Amino acid sequence: MPIDAAKALAAEPRRSEIAWDHKDIQLYHLGLGAGRPATDPDELRYTLESKLHVLPSFATVAGAGMAMLGGLGAPGIEVNLAAVLHGGHSIELHRPIPVKGSATSRSKVAAVYDKGKAAVIVLRSEVADAEGPLWTSDAQIFVRGEGGFGGERGPSERMELPGREPDRTEERLIREEQALLYRLSGDWNPLHADPEFAKLAGFDRPILHGLCSYGMTLKTVVDTLLGGDVSRVRSYRTRFAGIVFPGETLRIRMWQEPGRVQVAVSAVERDDAPVLADTVVEHA
């Protein structure tokens, strides 16, 4: 059996040491489209080392954070990587991420769900430095063709959007070269750069990383509704509902509620095709 849920859940966490500094943070922010206009004081918080703060979604790439997908090689997990999709992601911030840091990451399979024709594997990374916990990150990995092993089905509820117009709507252009820049932060999948590989995967051209859309969206919420204060973010979760291509435009609709912002993200040029759904930023 490719998936032995009990064995995967019982496995000891994998421990790794990670480190980052201002260059990693600046590169990540630039990969999200930061720095336009280049001399805007609000953008300098993302690009100039003397003014730098850290967008919490940096947690997804810190220490080449995509190494978390190594959890797919955990005991009890044997899957075909060609059948793997990143279905959703969540981060919980225990305190603001420092501009320079070193920490210990402990990664494990936190849950395995049986969806019938597919499996969902939740890969959890808990990161702490000498001062204590920094963040917890959960990647929901959808594996086609690996269901039917008799496990729990797991949560499946979808979030309804508020029955009113958004409190704010923003559009963010994805530059043609943005995926090429974003992949320098650690996700080297050729799907985001190589046209021939993209065709083999069923796309007519390379697509943007889902986690790039994820970071762009959080930056928009912080900049427009949280006064540019990254330290207010407590948690952030989303479901990857569709793709977006470099050169397209994200439409980001936001609804303010007490202690949180609900968000829906779509691709403007493809009749508002969904990109991110079930998206919530919880904040102070």
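Conventions used here
Residues numbered from 1 in each chain as written. Predicted model: local features only at pLDDT ≥ 70, side-chain atom pairs only at ≥ 80, totals over all residues. Heavy atoms only, no water. Pairing = 2+ DSSP bridges. Helix = DSSP H or I, 4+ residues; strand = E, 2+ residues; numbered from the N terminus. Axes fitted to C-alpha atoms, helices over the stretch in contact; angles between N-to-C directions. Buried < 20%, exposed > 50% of the residue type's maximum accessible area, 1.4 Å probe, protein only. Contact = heavy atoms within 4.5 Å. Phe/Tyr/Trp six-rings, centres within 6.5 Å; stacked < 30°, edge-to-face > 60°. Lys NZ or Arg CZ within 6 Å of the ring centre and 35° of its normal. Salt bridge = Lys/Arg side-chain N within 4 Å of Asp/Glu carboxyl O.

**A closer look at the sheet that holds strand β5 (residues 132-144)**
- Taken together, 10 strands build an open sheet; the order of strands is β1-β3-β4-β5-β2-β7-β10-β9-β8-β6 and the sheet is antiparallel. Edge positions in the sheet fall to β1 (14-20) and β6 (168-173), since each of these pairs with one other strand and no more. Going from strand to strand, the sheet's axes swing by 20° on average, the running direction of each strand aside.
- With seven bridges joining them, strand β9 (residues 260-267) and strand β10 (residues 273-283) adopt antiparallel strand pairing. Residue pairing for β10: R260 is matched across the bridge by E282.

**Things to note about the environment of G31**
- Of note, G31 is situated in helix α2 (residues 22-31).
- For G31, a relative accessible area of 0% gives the class buried.
- Each C-alpha atom of the pair G31 and T60 lies 13 Å from the other, and the pair is 29 residues apart in sequence.
- Apart from the residues lying within four places of it in its own chain, the contact partners of G31 are Q178, L181, Y182 and C212.

**So, the packing of aromatic side chains**
- As enumerated under the stated definition, the model contains six aromatic pairs in all.
- Consider the rings of W20 and W135, whose centres lie 5.8 Å apart with planes at 50°: the pair is tilted. Residue W20 is found in strand β1, and its partner W135 is found in strand β5; the two are separated by 115 residues along the sequence. Both residues of the pair, W20 and W135, belong to the buried class.
- Judged by centre distance (4.1 Å) and plane angle (20°), the rings of Y214 and Y236 are stacked. Taken together, the residues Y214 in helix α6 (residues 210-225) and Y236 in strand β7 (residues 233-240) connect sequence positions 22 residues apart.
- The class of Y214 is buried, set by a relative accessible area of 0%.
- With relative accessibility at 0%, the residue Y236 sits in the buried group.
- Through a chain of ring-to-ring contacts, the aromatic side chains of W20, Y28, F58, W135 and Y182 assemble into a single cluster.
- A cation over a ring is seen here: R205 above F245, with NZ or CZ 3.9 Å from the ring centre.
- Between the NZ or CZ atom of K219 and the centre of the ring of Y46, over which it lies, the distance is 4.6 Å.

**Describing the environment of G132**
- Note that G132 resides in strand β5.
- Given the relative accessible area of 17%, G132 is considered buried.
- Along the chain, G132 and H94 lie 38 residues apart, while their C-alpha atoms are 8.9 Å from each other.

**A look at the side chain of S137**
- Position of S137 among the secondary structure elements: in strand β5.
- With near-sequence residues (within four places) excluded, S137 lies in contact with H89, S90, I91, L123, R124 and S125.

**Notes on α2**
- Within the sequence span of α2, burial applies to I25, Q26, Y28, H29 and G31.
- Those residues of α2 that are buried lie in contact with β1, α3 (41-47), α4 (178-182) and α6.
- One or two positions beyond α2, positive phi appears at G33, with a value near 100°.

**What to know about the pattern of salt bridges**
- By the definition in use, this model includes 22 salt bridges.
- Of the charged contacts in the structure, one is a salt bridge between R45 and D223, with a shortest N-O distance of 3.9 Å. On the criterion of sequence distance, the pair formed by R45 in helix α3 and D223 in helix α6 is long-range, its members being 178 residues apart.
- Taking the relative accessible area as the measure of exposure, R45 reaches 19% and is therefore buried.
- On the basis of relative accessibility, which here comes to 24%, the residue D223 falls in the partly exposed class.
- With a shortest N-O distance of 2.8 Å, D278 and R239 are connected by a salt bridge. Pair noted here: D278 is in strand β10 and R239 is in strand β7, with a separation of 39 residues, a long-range link.
- Under the relative-accessibility criterion, R239 is labelled partly exposed at 24%.
- Each of the salt bridges in this network shares a partner with another, and the network as a whole consists of D42, E43, R45, K219 and D223.

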